[in-house]
Amino acid sequence: DEVGRFDLGASSQLVLFMFVNSLAASVALIQSRQLGVSRRMLSTPLRARTILVGEAAGRFFTAMVQGAFIVIAAALLFGVDWGDPVAASVLVIAFALVSTATAVLFGAMLSNEQQAGALTPLGLGLAALGGCMVPLEVFSPTMRTIAHVTPHAWAVEGFAELIRRDAGLVDILPQVSVL
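If you're wondering where the values come from, they're calculated on a predicted model, not measured in any experiment. In this numbering scheme, every chain counts its residues from 1 along its sequence in written order. For this predicted model, a pLDDT threshold of at least 70 governs which residues receive local features, and a threshold of 80 or more governs which side-chain atom pairs are given and counted, while totals over whole chains, interfaces and linings are taken from all residues. Values reported for side chains reflect all heavy atoms of the structure, with hydrogen atoms and water molecules removed beforehand.

1. Focus on the confidence of the model for the protein chain
Detailed conclusions should not be drawn from predicted coordinates in areas where pLDDT is low.
Here is step 1: Confidence scores per residue from the predictor, reported as pLDDT, run from 0 to 100. In this model, the protein chain carries an average pLDDT of 90, and 98% of its residues clear a pLDDT of 70 or more.
Here is step 2: Every helix listed is a DSSP run of H or I at least four residues long, and every strand listed is a run of E at least two residues long, numbered separately from the N terminus. Looking over the protein chain, one finds the lowest element-wise mean pLDDT in helix 2 (residues 37–42), namely 78, and the highest in helix 9 (residues 173–178), namely 96.

2. Concerning the packing of helix 1 (residues 7–34) against helix 8 (residues 151–165)
A pair of packed helices can be characterised by two numbers: the angle between their axes and the separation between those axes.
Here is step 1: Only the contacting stretch of a helix is used when fitting its axis, a line to C-alpha atoms as for every element, and angles between N-to-C directions run 0 to 180 degrees. Two elements in contact, helix 1 and helix 8, have axes whose closest approach is 10 Å; the angle formed by their N-to-C orientations is 150 degrees. Here helix 1 lies roughly antiparallel to helix 8, going by the angle between them. Classified by chirality, the crossing of helix 8 by helix 1 is right-handed. Note on element contacts: helix 8 touches helix 1 through Pro151, His152, Ala155, Val156, Phe159, Ala160, Ile163 and Arg164, opposite Asp7, Leu8, Ser11, Ser12, Leu14, Val15 and Phe19.
Here is step 2: The residue classification treats Ala, Val, Leu, Ile, Met, Phe, Trp, Tyr, Cys and Pro as nonpolar and Asp, Glu, Lys and Arg as charged. All others, Gly included, are polar. Class assignment for the residues of the contact of helix 1 with helix 8 results in 10 nonpolar, 3 polar and 2 charged. Under this scheme an angle from 65 to 115 degrees is roughly perpendicular, one under 35 degrees roughly parallel, and one over 145 degrees roughly antiparallel; angles in between are oblique. For any helix crossing, the convention is left-handed if the near helix is rotated counterclockwise from the far helix by under a right angle, and right-handed if that rotation is clockwise. Contacts between residues were defined by any pair of non-hydrogen atoms, one from each residue, lying within 4.5 Å.

3. Let's talk about the nonpolar core
Here is step 1: Here, the term nonpolar core denotes a set of buried Ala, Val, Leu, Ile, Met, Phe, Trp, Tyr and Cys residues that are joined through side-chain atoms within 4.5 Å. Each residue gets one of three labels from its accessible area relative to the maximum for its type: buried under 20%, exposed over 50%, partly exposed in between, using a 1.4 Å probe on protein chains only. Leu14, Val15, Met18, Trp82, Phe159 and Leu162 are the most contacted members of the largest nonpolar core, which totals 39 residues.
Here is step 2: Of all the secondary-structure elements, those providing two or more residues to this core are helix 1, helix 3 (48–78), helix 4 (85–109), helix 6 (119–129) and helix 8.
Here is step 3: Examining the composition of this core, we find that 9 residues originate from one element, helix 1, more than from any other.
Here is step 4: Among all residues touching phenylalanine 159, those that are not within four sequence positions of it are Ser11, Leu14, Val15, Trp82, Ala88, Leu91 and Val92.

4. Looking at the packing of helix 1 against helix 3
Here is step 1: The geometry of helix 1 relative to helix 3 is characterised by a closest axis approach of 10 Å and an angle of 155 degrees between their N-to-C directions. When the axis of helix 1 is compared with that of helix 3, the two are roughly antiparallel. Here helix 1 runs over helix 3; the crossing is right-handed. Here Ala10, Leu14, Phe17, Met18, Asn21, Ser22, Ala25, Ala28, Leu29 and Ser32 of helix 1 come into contact with helix 3, specifically with Glu55, Arg59, Ala63, Gln66, Gly67, Ile70, Val71 and Ala74.

5. Description of the layout of surface pockets
Here is step 1: For cavity detection a 1 Å grid was placed over the protein atoms alone, and a set of points counts as a cavity when a 1.4 Å probe fits there but cannot get out; an open set counts as a pocket when protein lies on both sides within 12 Å along at least five of seven lines, with lining residues being those that have an atom within 4 Å of a point. Grid points are joined across faces, edges and corners, and a volume is the space filled by probe spheres set on the points. Estimated volume of the largest pocket: approximately 300 Å³.
Here is step 2: If you go around the largest pocket, you meet 14 residues; those closest to its centre are Leu29, Ser38, Leu52, Glu55 and Ala108.
Here is step 3: Secondary-structure elements contributing two or more residues to the lining of the largest pocket are helix 1, helix 2, helix 3 and helix 4.
Here is step 4: Tallied by class, the residues present in the lining of the largest pocket amount to 9 nonpolar, 3 polar and 2 charged.
Here is step 5: The calculated volume of the second largest pocket comes to roughly 260 Å³.
Here is step 6: Around the second largest pocket, the lining comprises 18 residues; the ones closest to its centre are Leu136, Glu137, Val156, Ala160 and Arg164.

6. So, the packing of aromatic side chains
Here is step 1: Two aromatic rings, drawn from Phe, Tyr or Trp (for Trp, its six-membered ring), form a pair once their centres lie within 6.5 Å of each other, and the interplanar angle then sorts them: stacked below 30 degrees, edge-to-face above 60, tilted otherwise. Taken as a whole and judged by the stated rule, the model has 2 aromatic pairs.
Here is step 2: Geometrically, the ring pair formed by phenylalanine 19 and phenylalanine 95 is tilted, given 6.2 Å between the ring centres and 45 degrees between the ring planes. With phenylalanine 19 in helix 1 and phenylalanine 95 in helix 4, this residue pair connects regions lying 76 residues apart in the sequence. Accessibility classification places phenylalanine 19 together with phenylalanine 95 in one group, the buried group.
Here is step 3: Arranged with centres 5.7 Å apart and planes meeting at 70 degrees, the rings of tryptophan 82 and phenylalanine 159 form a pair that is edge-to-face. With a gap of 77 residues between them, tryptophan 82 in the loop between helix 3 and helix 4 and phenylalanine 159 in helix 8 connect regions that are remote in the sequence. Each member of the pair tryptophan 82 and phenylalanine 159 is classed as buried.

And the structure:
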């Protein structure tokens, strides 16, 4: 089975866009706090935990819709073979969870939209270091090791296993576990 022309590039772009767009969503959390929406939600009979889960679930749902759209569109329009559908789905879900957690963390930590806007270069830098713009294989062994401080490298590596080696869920469990 041959690797298609767009297969690896599509998975790298999936990881890049899911993460960067999730980071951008942290602005909504900041705005909610600035406009007093969070304070008003806390004045309702709902528990704080319920509100937090709802906010995180909204971010997760957005990341998953985007991920599913990219997977389906790339498969239909460009013939991308994502490998084992169950394993690919688990990897997308794991990366959506990482992206969501990062967005919620920064949404809680940052105090204004300008600070959140400064996250885009950070997101792009992490994506570049993690192999979303240049394959990890061209990195030196030292850079490849450093790249694995990013969640991107683990996700890209997992997709490469699925696409290049026809791996299954068990084969990508190390990557999923790290994510």
